[in-house]
Amino acid sequence: PPLLPGTKGITTVHDLTWKIYPQFHEQRIIDAHAIKLKKTIKYQDTIVVDSQSTKNDLTKYYPEISGKKRIYVVYPGIGGEFRQIFDKEKIKNVLKKYGIDYQSDFLLYVGAIEPRKNLDKAVEVFAELIKDKNYDDFKFIIAGRAGWKNEKIFQMVKDLKLEDKVKFVGFIEDENLPYLYNAASLTVYLSAYEGFGLPPLESLACGTKVIVGDNSSLKE
């Protein structure tokens, strides 16, 4: 029960991935979110969501959440460091830290390496793209920590013999990430579902176009 009887709470619900795509989560994560949301509904907390998409999901899967005024859409923001950068020498030096050639054209993915992100589809598309002689010198840079059930994507790159084309650079520090966005030809984000999805917005702020999955909050 609430620590102070009569006190109302505020709960932020970033997404309902665990509810809609349980196959992308461990059972303990699903259980924890379910318990928390049950309490949120019971005590009639005010709910803050990251997108209209998440609000729609909440009212669809939990119609017992009564009163539209209880759910507020508050979009996340990004830092001012995500901007167009014109210092080519600085960009070159940052890329060098991660073994990326400044002269090369590349597609960029930023995010966790896990099934929900559809990186296998992105790699398949990339493999087709570089068959075109106009794009055969392109690279695909994948930046982010390895999540769970990620073995498939690493094996896929080997099977397609793309080890010299697809480069996993691991986690990128926040201060360096804008330089990668600026250097990329295109950011790819084909996630199956996002409560918001910050990387597409970060990329656009850096002046680099994005191709995203046509689902959930990504068009917002």
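Please refer to the structure higher up on the page.
As the structure is a prediction and not an experimental result, all values here were calculated from the model.

Cut-offs applied
Residues numbered from 1 in each chain as written. Predicted model: local features only at pLDDT ≥ 70, side-chain atom pairs only at ≥ 80, totals over all residues. Heavy atoms only, no water. Phe/Tyr/Trp six-rings, centres within 6.5 Å; stacked < 30°, edge-to-face > 60°. Helix = DSSP H or I, 4+ residues; strand = E, 2+ residues; numbered from the N terminus. Buried < 20%, exposed > 50% of the residue type's maximum accessible area, 1.4 Å probe, protein only. Lys NZ or Arg CZ within 6 Å of the ring centre and 35° of its normal. Pairing = 2+ DSSP bridges. Axes fitted to C-alpha atoms, helices over the stretch in contact; angles between N-to-C directions. Core = buried A, V, L, I, M, F, W, Y, C linked by side-chain atoms within 4.5 Å. Contact = heavy atoms within 4.5 Å. Arc of directions from axis to C-beta. Salt bridge = Lys/Arg side-chain N within 4 Å of Asp/Glu carboxyl O.

Moving on to the packing of aromatic side chains. In this structure the tally under the stated criterion is eight aromatic pairs. Aromatic side chains Tyr-75 and Phe-196 sit 6.0 Å apart centroid to centroid with 50° between the ring planes, which places their arrangement in the tilted category. Residue Tyr-75 is found in the loop between strand 3 (71–73) and helix 4 (88–97), and its partner Phe-196 is found in the loop between strand 7 (186–189) and helix 8 (198–205); the two are separated by 121 residues along the sequence. Residue Phe-196 is classed as buried on the basis of its relative accessible area of 13%. Every member of this aromatic cluster is reached through a ring pair, and the members are Tyr-21, Phe-24 and Tyr-193. One Lys or Arg, Lys-90, reaches over the ring of Tyr-179 and ends 5.7 Å from the middle of that ring.

Read from one edge of the open sheet, five strands run 6-5-4-7-8, paired in parallel fashion. Pairing within the sheet leaves two strands with one partner each, and these edge strands are strand 6 (166–170) and strand 8 (210–212). Between one strand and the next, the sheet's axes are offset by a mean angle of 25°, whatever the strand orientation. Where strand 5 (residues 139–143) lies against strand 6, four bridges are found, and the strand directions are parallel.

Attention now moves to the nonpolar core. With 21 residues, the main nonpolar core has Leu-119, Phe-126, Phe-140, Ile-142, Leu-162 and Val-166 as its most contacted residues. Elements represented by at least two residues in this core include exactly strand 4 (106–110), helix 5 (119–129), strand 5, helix 6 (151–159) and strand 7. If you tally residues by element for this core, the top one is helix 5, at five residues. When residues no more than four places from it in sequence are discounted, the contact partners of Phe-140 are Leu-107, Leu-108, Tyr-109, Leu-119, Ala-122, Val-123, Phe-126, Lys-165, Val-166 and Lys-167. In terms of nonpolar packing, the next biggest core, distinct from the first, is built from 20 residues, Ile-91, Val-94, Phe-106 and Cys-206 among them.

With parallel pairing, three strands are arranged side by side in an open sheet as 1-2-3. Only two strands of the sheet have a single partner each, and these edge strands are strand 1 (10–13) and strand 3. Mean inter-strand twist for the sheet, computed between neighbouring axes without regard to direction, equals 25°. Pairing of strand 1 with strand 2 (residues 46–49) involves four bridges; the strand directions are parallel.

For helix 6, the set of buried residues is Ile-153, Met-156 and Val-157. Buried residues of helix 6, seen end-on, are gathered within an arc of 100° and therefore sit on one face of the element. Looking at helix 6, the residues exposed on the side facing more than 90 degrees away from the buried face are Glu-151 and Asp-159. On its buried face, helix 6 is in contact with helix 5 and strand 6.

Turning our eyes to something else, we now look at the environment of Gly-195. Secondary-structure assignment places Gly-195 in the loop between strand 7 and helix 8. For the pair Gly-195 and Lys-55, spaced 140 residues apart in sequence, the C-alpha to C-alpha distance is 9.4 Å. Setting aside residues up to four positions removed in sequence, Gly-195 forms contacts with His-14, Asp-15, Asp-50, Ser-51, Thr-54 and Ser-217.

Here we take up the pattern of salt bridges. Evaluation of the coordinates by the stated rule reveals seven salt bridges. Between Glu-194 and Arg-116 there is a salt bridge, with its nearest N and O atoms 3.2 Å apart. Pair noted here: Glu-194 is in the loop between strand 7 and helix 8 and Arg-116 is in the loop between strand 4 and helix 5, with a separation of 78 residues, a long-range link. By the burial criterion, Glu-194 is buried, and Arg-116 matches it. Residue Glu-194 is joined to Lys-117 by a salt bridge in which the shortest nitrogen-to-oxygen separation is 2.6 Å. Of this pair, Glu-194 sits in the loop between strand 7 and helix 8 while Lys-117 sits in the loop between strand 4 and helix 5, placing them 77 residues apart in sequence. Lys-117 shares its class with Glu-194; the two are buried. Within the structure, one salt-bridge network assembled from shared partners comprises Glu-114, Arg-116, Lys-117 and Glu-194.

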